[in-house]
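Results of the structural survey
Residues per chain are reported as follows:
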Amino acid sequence: MRLFVALPLDEAGIRDLVRYRQKLERLGVRGNFTRPENLHITLAFLGEQPEWKTAAEALDTVEAVPGLLRLDRLDSFGKGGILGICPTEDTPVRTLAADVEKALRTAGFSLEKRRFRAHVTLCRELKAPQGCVLPPPPAVEVPVEEIVLFLSHRPKGQLTYTPLWRKKPGASEP
Ligand code: 2AM
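Summary of the structure given here. (Residues numbered from 1 in each chain as written. Predicted model: local features only at pLDDT ≥ 70, side-chain atom pairs only at ≥ 80, totals over all residues. Heavy atoms only, no water.)

As a further point, take the site of the ligand. R2, F4, H40, T42, F45, E112, R114, H119, T121, R124 and Y161 make up every residue found near the ligand. In the model, a nitrogen atom of the ligand is placed 3.2 Å from a nitrogen or oxygen of the R114 side chain. Note that an oxygen atom of the ligand is positioned 2.7 Å from one of the side-chain N or O atoms of H119. Contact with the protein chains hides 82% of the accessible area of the ligand, taken as 480 Å² for the molecule alone. The set of elements that each furnish at least two residues to the shell around the ligand consists of β1 (2–8), β3 (40–48) and β6 (120–127). With 3 residues, the single largest contributor to the shell around the ligand is β3. Residues belonging to the shell around the ligand are distributed by class as follows: 3 nonpolar, 4 polar and 4 charged. (Near = heavy atom within 4 Å. Polar contact = N/O pair within 3.5 Å; in protein donor to acceptor, adjacent residues only side chain to side chain. Areas by Shrake-Rupley, 256 points an atom, 1.4 Å probe, with all protein chains shown as cover. Helix = DSSP H or I, 4+ residues; strand = E, 2+ residues; numbered from the N terminus. Nonpolar A, V, L, I, M, F, W, Y, C, P; charged D, E, K, R; others polar.)

Next up, the structure:
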């Protein structure tokens, strides 16, 4: 099973990003847009694992300091024409991602040493008409609060992120 740890977006954040996508599409921008229910900020990528409970136990030791992360700028990166929305000030999520990484490594997971870049992937394989200037994104506030362990899979061929376990500050839920 392919696992990753992420911060989910709340309804308002998802709604704002769906509107922004519609704005881009009206300008003729095309690509593989992330489905609304799949929008998230990855904290750690575990890759293929035989089961998820060991990771959940490790994540249970992480205490998120509740706060808000403001996503307010576009970034494009990677070879696949990825368009992301990122925070200018990423301290709260950077600290949380470091704590998640530490807890997972302590539990014996070997994680890729990839530079952490807080972002929500909006689109892959982005194709914008020539000369098109992308409009400024909405400022989206993401609660730095709930850590979710997701399963990435493809039921009926559709990329789906299913929450397996989640933790809010001061509580855990199987
Ligand atoms: P991305 O949005 O930048 O592509 C599920 O696949 C999530 O895990 C996605 O958010 C994806 O990030 C991230 N992910 C996929 N492969 C990864 C890797 N090798 N290292 C870190 N994150 C990865």
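The 5 strands lie next to each other as β2-β6-β5-β4-β7, forming an open sheet whose pairing is antiparallel. Bordering the open sheet on either side are β2 (30–33) and β7 (140–144), each of which pairs with just one other strand. Between one strand and the next, the sheet's axes are offset by a mean angle of 40°, whatever the strand orientation. Of the strands in this sheet, β2, β4 (67–77), β5 (82–87), β6 and β7 are in contact with helix α1 (residues 11–26), which crosses β2 at around 155°. (Pairing = 2+ DSSP bridges. Axes fitted to C-alpha atoms, helices over the stretch in contact; angles between N-to-C directions. Contact = heavy atoms within 4.5 Å.)

Two side chains carrying opposite charge are able to pair once their charged atoms lie near each other. A full pass over the atoms with the stated rule returns 12 salt bridges. Here E146 ties to R166 by a salt bridge, and the two come within 3.3 Å at their closest N and O atoms. Of this pair, E146 sits in the loop between β7 and β8 (147–153) while R166 is found in strand β9 (residues 160–168), placing the two residues 20 residues apart along the sequence. Overall, the relative accessible area of 14% leaves E146 in the buried class. Residue R166 is classed as partly exposed on the basis of its relative accessible area, which comes to 28%. Here the residues in one salt-bridge network are D60, E63 and K167, joined through shared partners. (Salt bridge = Lys/Arg side-chain N within 4 Å of Asp/Glu carboxyl O. Buried < 20%, exposed > 50% of the residue type's maximum accessible area, 1.4 Å probe, protein only.)

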